[in-house]
Amino acid sequence: MSDGPWLVVGLGNPGPQYAGNRHNVGQMVLDELARRTGVTFGARASGLLSRRPQAAVAEARLGVLPGGAPGPRVVLAKPTTYMNVSGGPVAALAKYYDVPLERTVLVHDELDIPFADVRLKRGGGEGGHNGLRDTSKALGSKDYLRVRVGVGRPPGRMDPADYVLRDFAKSELKDLPWLVDAAADAVELLITQGLEAAQLKFHTKA
């Protein structure tokens, strides 16, 4: 495994009015990863903050490798642009930190996965997700890694665009911390043990 860093990006919209939306669950997962590693978004020991792309960024070691060694270096990032223009910050961060596609991970909400399920994949379509579509365009490829956090389909005839821009329902809030924690676990497992190991755990029902 290369010694270079990984880039883990949580998609969402900026501002407190969007913070609890289903569309922002990716950023909730990044907050959990920052909590686990004891880092704060926006801080960077080597400075150069003014050259940072449009994102809140933190650098850390994530997880523990087999044998107990500290996990790989990661750049945790939350774009400060709106979801449909996420690609620019992601591409700029990947270039700035010299991170290849195979170590670029996007964490995002997924309508086609039931609420509280987590799935992982590399590449594939964007399923109408504007943040993924813009990222694929900016990176010039779809072959980055995705941690897909299930938010389920909208009820009845509700527009999916309206659904993802609403906060989680009261009935979902009791399970939301578990979902965020599971998705953070999925990111850690993906980075420390690889995609197949993460898929085996999270795609297999107990």
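For clarity, every value in this text was computed on a predicted model and none was experimentally measured.

Caption draft 1: Structural context of the layout of surface pockets. Quantified by volume, the largest pocket comes out at close to 320 Å³. Along the walls of the largest pocket sit 20 residues, with His-23, Gly-128, His-129, Asn-130 and Val-164 positioned nearest its centre. Going through the elements one at a time, strand S4 (104-110) and helix H4 (160-164) are the ones with two or more residues in the lining of the largest pocket. Tallying contributions element by element places H4 first for the lining of the largest pocket, with three residues. In the lining of the largest pocket, the residues fall into eight nonpolar, seven polar and five charged.

Caption draft 2: Just the nonpolar core, in detail. Of all hydrophobic cores here, the largest spans 42 residues; its most connected members are Val-8 and Val-147. Top contributing element to this core by residue count: helix H6 (residues 176-193), with 11 residues. In this structure, Leu-11, Ala-55, Val-75 and Val-99 belong to the second largest nonpolar core, which totals 16 residues.

Caption draft 3: Local environment of unusual backbone geometry. For Asp-98, which is not glycine, the phi dihedral falls at a positive 55 degrees. With respect to the helices and strands, Asp-98 occurs in the loop between helix H2 (87-96) and S4. A relative accessible area of 63% means that Asp-98 is categorised as exposed. Despite not being glycine, Ala-116 shows a phi value in the positive range, around 85 degrees. By the element assignment, Ala-116 lies in the loop between S4 and strand S5 (118-122). A residue is classified by how much of its surface remains accessible, and Ala-116, at 17% relative accessible area, is buried.

Rules used in this analysis
- Residues numbered from 1 in each chain as written.
- Predicted model: local features only at pLDDT ≥ 70, side-chain atom pairs only at ≥ 80, totals over all residues.
- Heavy atoms only, no water.
- 1 Å grid on protein atoms, 1.4 Å probe; cavity = no way out; pocket = protein on both sides within 12 Å on 5 of 7 lines; lining within 4 Å.
- Points joined across faces, edges and corners; volume = space filled by probe spheres on them.
- Helix = DSSP H or I, 4+ residues; strand = E, 2+ residues; numbered from the N terminus.
- Nonpolar A, V, L, I, M, F, W, Y, C, P; charged D, E, K, R; others polar.
- Core = buried A, V, L, I, M, F, W, Y, C linked by side-chain atoms within 4.5 Å.
- Buried < 20%, exposed > 50% of the residue type's maximum accessible area, 1.4 Å probe, protein only.

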